[in-house]
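# Observations on the model geometry
This is what each chain is made of:
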Amino acid sequence: MENGVTRIGVSLPRNLLEEFDSIIKTRGYSSRSEAIRDAIRNYIAEYKWLEKEEGEIVGVITILYNHHHKGTSDAIISLQHEAVDIVLTTMHIHLDRDNCLEMVIVKGEMPRIKRLIDRITTIKGVSNVKLITAIRE
Ligand code: NI
């Protein structure tokens, strides 16, 4: 068990919190704090997994973003141009009026792919970035 408890205050967009609350209600969490603790543990586990991966991999980076947000799609495209040696191809799907899903197929050394993911993740307007690595024999 974790020792000690620290209280933190977090500012969140209202719609993000409403969505979170609706999901945790469906999943039966007794408190918002418990759900947030679980979400943070998952975030840490995912990051640690990403850190452990090494060597050359083939994978798909999925990027969800709001295309109304000024500069977001330009920034995503620029990063792909900078990493042209590891980006094999890109598929862009206009999900609805606001959101785009971009799937970038990458092949290269994990540290470079991680760096690309970190940079995409911090672009304003990007709401979700995931890496799916293909299993190779
Ligand atoms: Ni689009």
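What counts and what doesn't
- Residues numbered from 1 in each chain as written.
- Predicted model: local features only at pLDDT ≥ 70, side-chain atom pairs only at ≥ 80, totals over all residues.
- Heavy atoms only, no water.
- Axes fitted to C-alpha atoms, helices over the stretch in contact; angles between N-to-C directions.
- Helix = DSSP H or I, 4+ residues; strand = E, 2+ residues; numbered from the N terminus.
- Parallel < 35°, antiparallel > 145°, perpendicular 65-115°, else oblique.
- Contact = heavy atoms within 4.5 Å.
- Nonpolar A, V, L, I, M, F, W, Y, C, P; charged D, E, K, R; others polar.
- Donors = N, O, S within 2.8 Å, 3.2 Å for Na, K, Ca; no water.
- Buried < 20%, exposed > 50% of the residue type's maximum accessible area, 1.4 Å probe, protein only.
- Domains from an automatic or database assignment.
- Buried area = accessible area lost by both parts, 1.4 Å probe.
- Salt bridge = Lys/Arg side-chain N within 4 Å of Asp/Glu carboxyl O.
- Polar contact = N/O pair within 3.5 Å; in protein donor to acceptor, adjacent residues only side chain to side chain.
- Arc of directions from axis to C-beta.
- Pairing = 2+ DSSP bridges.

### Concerning the packing of helix α1 (residues 14-27) against helix α2 (residues 32-52)
Orientation of α1 relative to α2, taken along the N-to-C sense of each, is 100°, at an axis distance of 10 Å. As far as their axial angle goes, α2 and α1 are roughly perpendicular. Residue-level contacts link L17, F20, D21 and I24 of α1 to R32, A35, I36 and A39 of α2. Of the residues contributing to the contact of α1 with α2, the split by class is six nonpolar, no polar and two charged.

### Structural notes on the side chain of K114
If you trace the backbone, K114 turns up in helix α4 (residues 110-121). Once residues within four sequence positions are removed from consideration, K114 is found in contact with L50, E51 and E53.

### Quick word on the coordination of the nickel ion
The coordination sphere of the nickel ion contains the protein donors H92 (NE2), H94 (ND1) and C100 (SG), at a distance range of 2.0 to 2.3 Å. Coordination of the nickel ion draws on donor residues from a single chain, spaced H-x1-H-x5-C in sequence. On the basis of relative accessibility, which here comes to 31%, the residue H92 falls in the partly exposed class.

### Examining the domain arrangement of the protein chain
Under the domain assignment, the protein chain is made up of domain 1 (14-50) and domain 2 (55-133). Placing a centre on the C-alpha atoms of domain 1 and another on those of domain 2 gives a separation of 24 Å. Taken together, the contacts link four residues of domain 1 with six residues of domain 2. When the two sides are added together, the surface that domain 1 and domain 2 hide from each other amounts to roughly 400 Å², 58% of it contributed by carbon and sulfur. If you sort the residues of domain 1 by the area they bury against domain 2, E46, W49 and L50 come out on top, with a joint share of 90%. The interface formed by domain 1 and domain 2 holds zero salt bridges in total. Inspection of the region where domain 1 meets domain 2 yields zero residue pairs in polar contact (both at pLDDT 80 or more). For the side of domain 1 that touches domain 2, the per-class residue count stands at three nonpolar, no polar and one charged.

### Observations concerning helix α3 (residues 72-82)
Every α-helical turn comprises 3.6 residues, leaving residues that sit three or four positions apart pointing alike. All of the buried residues along α3 are T72, I76, L79 and Q80. The buried residues of α3 occupy an angular sector of 100° when projected down its axis, which confines them to one face. Residues D74, H81 and E82 are exposed on α3 and point more than 90 degrees away from its buried face. Contacts from the buried residues of α3 go to β1 (56-66), β2 (87-94), β3 (99-109), α4 and β4 (126-133).

### Observations regarding the sheet that holds β1
Pairing between the strands of a sheet comes from backbone hydrogen bonds, and it takes one of two forms, parallel or antiparallel. Spatial ordering of the open sheet is given by β2-β3-β1-β4, a layout of four strands whose pairing is antiparallel. At either margin of the open sheet sits one strand with a lone partner, and together these are β2 and β4. Strand-to-strand, the axes of this sheet are offset by a mean angle of 15°, without reference to chain direction. In this structure, β1 lies alongside β4, joined through seven bridges in antiparallel fashion. Bridging from a neighbouring strand, I63 pairs with V129 of β4. Seen against the sheet, α4 touches β1, β2, β3 and β4 and runs at an angle of roughly 160° to β3.

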